[in-house]
Amino acid sequence: KQQVDGSKSPPIWKEPKAPDELSYLVEMYEELGKYRSNGMGLQPLDWKELQSYQQVTGNTLSCLEAILIMDMSKAFVSMYNQSNDTVFMLQIDKY
């Protein structure tokens, strides 16, 4: 897509859509906050946060579900930390 001045606009980054069968897991992941910040940058969620989430909400996760949520958080933070794409970073900041 070209802008008025002839330059190309940066691509818009979109999160992939999860299969419908896993939508509940994505909702839990989003409720957790996807990542945590330590003041120096983003870090993946940790097991204590996942345990606290389960205690507070009463949602009991299987071992596989917990691992998937942790993997999603690690992937999200990895993509963010490796990105030099300002558009990606700005879009992620809204989370």
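Everything discussed here concerns the structure shown above.
Below is a summary of the structure that appears in this document. (Residues numbered from 1 in each chain as written. Predicted model: local features only at pLDDT ≥ 70, side-chain atom pairs only at ≥ 80, totals over all residues. Heavy atoms only, no water.)

## Looking at the nonpolar core
- In terms of nonpolar packing, the biggest core is built from 16 residues, with Leu-32, Leu-45, Leu-50, Leu-61 and Ile-69 touching the most fellow members.
- Those elements giving two or more residues to this core turn out to be helix 1 (23-32), helix 2 (47-57) and helix 3 (63-82).
- With six residues, the single largest contributor to this core is helix 3.
- Dropping the residues within four chain positions of it, Leu-45 is found in contact with Tyr-29, Leu-32, Lys-34, Tyr-35, Arg-36, Ile-69, Met-70 and Ser-73. (Core = buried A, V, L, I, M, F, W, Y, C linked by side-chain atoms within 4.5 Å. Buried < 20%, exposed > 50% of the residue type's maximum accessible area, 1.4 Å probe, protein only. Helix = DSSP H or I, 4+ residues; strand = E, 2+ residues; numbered from the N terminus. Contact = heavy atoms within 4.5 Å.)

## Quick word on the side chain of Ser-73
- For Ser-73, the location among the structural elements is in helix 3.
- Among all residues touching Ser-73, those that are not within four sequence positions of it are Tyr-29, Lys-34, Tyr-35, Pro-44 and Leu-45.

## Topic: the environment of Asp-71
- As for its placement among the helices and strands, Asp-71 is situated in helix 3.
- Asp-71 gets classed as partly exposed once you look at its relative accessible area, which sits at 40%.
- When the C-alpha positions of Asp-71 and Pro-44 are compared, they lie 8.7 Å apart, and in sequence the two are 27 residues distant.

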